[in-house]
Amino acid sequence: MKKLLLHSCCGPCSTHVINVLKNDYDLTILYYNPNIDTSDEYNHRLAEQKRYCDAVGVKVIEGEYEPQVWSDYICGLENEKEGGARCEKCFRMRLQKTAQMAKELGFDCFATTLTVSPHKNSLVINAVGKGIEEAERIEFVDGNFKKQDGYKKSIMLSREYDLYRQDYCGCEYSKRR
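Quantities reported herein were computed from a predicted structural model and do not represent experimental measurements.

### Some thoughts on empty space enclosed by the protein
At step 1: Taken as a whole, this structure holds one cavity of 30 Å³ or more when the rule is applied.
At step 2: In this structure, the largest cavity encloses a volume near 50 Å³.
At step 3: Lining the largest cavity, in full, are Asn35, Trp70, Arg86, Cys87, Cys90, Phe91, Arg94, Lys120, Cys169 and Cys171.
At step 4: When residues in the lining of the largest cavity are grouped by element, the largest group, five residues, is from helix α4 (residues 85-104).
At step 5: The residue inventory of the lining of the largest cavity, partitioned by class, reads six nonpolar, one polar and three charged.

### Notes on the packing of α4 against helix α5 (residues 122-136)
At step 1: The geometry of α4 relative to α5 is characterised by a closest axis approach of 9 Å and an angle of 40 degrees between their N-to-C directions. As the angle between them shows, α4 and α5 are arranged oblique. Read as a crossing pair, α4 and α5 show a hand that is right-handed. Touching Glu88, Phe91, Arg92, Leu95, Gln96, Ala99, Gln100 and Lys103 of α4 are Val124, Ile125, Val128, Gly129, Ile132 and Glu136, all from α5.
At step 2: Looking at the contact of α4 with α5, its residues break down into seven nonpolar, three polar and four charged.

Definitions and limits used
Each chain has its residues counted from 1, following the order in which its sequence is written. Predicted model: local features are reported for residues with pLDDT of at least 70 only, side-chain atom pairs are reported and counted for 80 or more only, and whole-chain, interface and lining totals are derived from all residues. Excluding hydrogens and water, the side-chain figures rest on all heavy atoms present in the structure. Points on a 1 Å grid, built from protein atoms alone, make a cavity when a 1.4 Å probe fits but cannot get out and make a pocket when they are open with protein on both sides within 12 Å along at least 5 of 7 lines; residues with an atom within 4 Å of a point are the lining residues. Grid points are joined across faces, edges and corners, and a volume is the space filled by probe spheres set on the points. A run of DSSP states H or I qualifies as a helix once it reaches four residues; a run of E qualifies as a strand once it reaches two. Both are numbered from the N-terminal end. Residues are sorted three ways: Asp, Glu, Lys and Arg are charged, Ala, Val, Leu, Ile, Met, Phe, Trp, Tyr, Cys and Pro are nonpolar, and all the rest, Gly among them, are polar. Inter-axis angles, ranging from 0 to 180 degrees, are taken between N-to-C directions of lines fitted to C-alpha atoms, where helices are fitted over the stretch in contact. Angles below 35 degrees are treated as roughly parallel, those above 145 as roughly antiparallel, those between 65 and 115 as roughly perpendicular, and all remaining angles as oblique. A crossing counts as left-handed when the near helix is turned anticlockwise from the far one by less than a right angle, and as right-handed when that turn is clockwise. It only takes one pair of heavy atoms within 4.5 Å for two residues to be counted as in contact.

What follows is the structure in structure tokens.
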């Protein structure tokens, strides 16, 4: 069974994705989200991610919380509309880190939970992942996890596990949508 490093934006989004992938891959979650606007929000989401993964027996690796690095990285794109160039660049940063860590830690492939959200463009996310796959020479497992009621299933699982569901992606700019 291939070892997959799964980037996760939060516990609620990971629920359905883990269910879809767990029978085909040896999963480990990478919680790397420097885009989250406050350390309180970051830590709350991380705690929920860990709590869910403990319940379902999936290991979690915490990436560094680097909000200033993220802010510098997206500089100049602050006024972009939600879903635009800023988001694509943010996806790139997080997936790049996931691919690099996957290689360093001996994983066979990497993926992300981001495509479960109806607010995220899976075509853009998968294109970013495939570009990183080529550059880093590690397989990207693409998907559109919102299909077949994936988002609805993630909501139901979040309720079942009483997970905190935030109402914005995490960055301060997404609150403006």
